[in-house]
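A closer look at the structure
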Amino acid sequence: MRLRTKPSTSEKPASARKSAIAKLVPASGAEGEDEADDKQRSGGVQSLGRAFSILEQVARHREGIGLAELSKLVGLHNSTTFHLAKTLVSLGYLRQEKDNKRYRIGRPLFALAASALDEIEMVNVATPVLEELSRQTSESSHFAVRMGDAVIVIARTSGPGAFQLTDRVGVVRPAHCTALGKIILASLRPDQFKRFLDRAELKPSTPKSITDAGVLAREIAEVQRTGVAFDDGEFNPEVRCVAVPVTDFTGQVIGALGISGPIWRLSNQALHAGAQIVQAAADRLSAEFGAKDPAHRAFSQKA
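Numbers given for residues are sequential positions, taken from 1 along each chain in its written order. At least 70 in pLDDT is required for a residue's local features to be given in this predicted model, at least 80 for side-chain atom pairs to be given and counted, and no such filter applies to totals for whole chains, interfaces and linings, which use all residues. Hydrogen atoms and water are omitted, and side-chain values are computed over all heavy atoms in the structure.

Things to note about the pattern of salt bridges
- Salt bridge, as used here: a side-chain nitrogen of Lys or Arg that lies within 4 Å of a carboxyl oxygen of Asp or Glu. Under the criterion given, the structure shown has 13 salt bridges.
- A salt bridge links D191 to R195, with the shortest nitrogen-to-oxygen separation between them at 3.4 Å. Placement of the pair is D191 and R195 together in helix 8 (residues 190–199), with a separation of 4 residues, close to one helical turn.
- For E222, the salt bridge identified is with R225, shortest N-O distance 2.6 Å. Here a helix means four or more residues in a row that DSSP labels H or I, a strand means two or more in a row labelled E, and each is numbered from the N terminus.

Written out as structure tokens, the structure is:
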């Protein structure tokens, strides 16, 4: 219910108000306004799509990419690509090297990716792959990530066979005497690995554990060469394991995927045969994390 009041004597007549507004607002019909809005929205969506195409192409070229090649790959004119890339550089999502002007991914994009790939999300993505791997091998499957100088298992599944291992999620294992840990060590830069050797105590878990820094260095070099790590009773005398790297969209190793089983069932021959199945599973999981290349190529440059 509205109260009616008399118009103020100082209030302008309706026709005068409309005339004043007409001077401030350009005359256009409703259809014209909608069309302008549609053009603005479509232009914005198009620019956004082009920007993401540029980001994706730059991310695929870890060595960097020049403007001409980038323009060709995204199907845009050089000037259009330049202005979009310049905006992305100003926002920090791309960076341009001063010497050769090649574009690379900027740090803020890594921060976004890292926040998206938290442990809960990684577990959700990894679990179906682990379940399939356990069905294929009839053994326990594990996915682990680095935790300081050790590794932590953040996801695991059991196989259909009897006598499955009972390691729980969240268990921390030493890096130097586990297959999962050797994969993580193999992913370190040379200076990082050297610092690990300088500070880590290579304590034996079994008589087969590697406790000599030189022997471990040769073992890690072999892991980098082959892309596969083994544990033949080094952590548990009754257990054998095999593990391979898992990578993300940057090509970096973000974790290790492996299977383990009792030595009386998982012979060395079966362990090496199972490595190919584990590698295929790691490639599928890496693809889920945006990797473009097979995960076992992660160590090719290091080797």
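Notes on the packing of helix 6 (residues 119–137) against helix 10 (residues 268–288)
- Only the stretch in contact is used when fitting a helix axis, every axis being a line fitted to C-alpha atoms; angles between N-to-C directions are given from 0 to 180 degrees. Contact geometry of helix 6 with helix 10 gives a least axis separation of 10 Å together with a crossing angle of 165°. Put simply, helix 6 runs roughly antiparallel to helix 10. Remark: the crossing between helix 6 and helix 10 carries right-handed chirality. Here helix 6 contributes V125, A126, V129, E132, L133, Q136 and T137 to the contact with helix 10, which in turn contributes I277, V278, A281, R284, L285 and E288.
- Per-class residue counts for the contact of helix 6 with helix 10 are 8 nonpolar, 2 polar and 3 charged. Every angle not falling under 35 degrees, over 145, or within 65 to 115 is termed oblique; those three ranges are roughly parallel, roughly antiparallel and roughly perpendicular. In a left-handed crossing the near helix is turned counterclockwise from the far helix by less than a right angle, and in a right-handed crossing that turn is clockwise. We call two residues in contact when some of their heavy atoms are within 4.5 Å. Under the grouping applied here, Gly and all other residues not named as nonpolar or charged are polar, the nonpolar ones being Ala, Val, Leu, Ile, Met, Phe, Trp, Tyr, Cys and Pro and the charged ones Asp, Glu, Lys and Arg.

Quick notes on unusual backbone geometry
- Positive phi values are uncommon outside glycine, yet K101 reaches one of about 65°.
- Checked against the element boundaries, K101 lands in the loop between strand 1 (94–96) and strand 2 (103–105).
- We call a residue buried when its accessible area falls under 20% of the maximum for its residue type, exposed when it is over 50%, and partly exposed in between, using a 1.4 Å probe and counting protein chains only. Looking at K101, the relative accessible area reads 48%, which means it is partly exposed.
- We note that S138 has phi near 65°; this positive angle belongs to a residue other than glycine.
- Take S138: it is sitting in the loop between helix 6 and strand 3 (140–147).

What to know about the pairing of strand 7 (residues 239–247)
- In terms of burial, strand 7 is a largely internal element, 9 of the 9 residues being buried.
- A pair of strands counts as paired when DSSP detects no fewer than two bridges linking them. Inspection of the sheet shows strand 6 (residues 229–232) paired to strand 7 by 4 bridges, in the antiparallel sense. Paired with D232 across the two strands is R240, which belongs to strand 7.
- Between the end of strand 6 and the start of strand 7, which pair antiparallel, lie 6 residues, with G233 showing a positive phi angle near 70°.
- Relative to strand 8 (residues 253–262), strand 7 runs antiparallel, the two being bridged by 9 bridges. Counted as the bridge partner of V242 is I259 from strand 8.
- Connecting the antiparallel pair strand 7 and strand 8 is a turn made up of 5 residues, with G251 showing a positive phi of about 85°.

Spatial relationships are all this shows, so hold off on functional conclusions.
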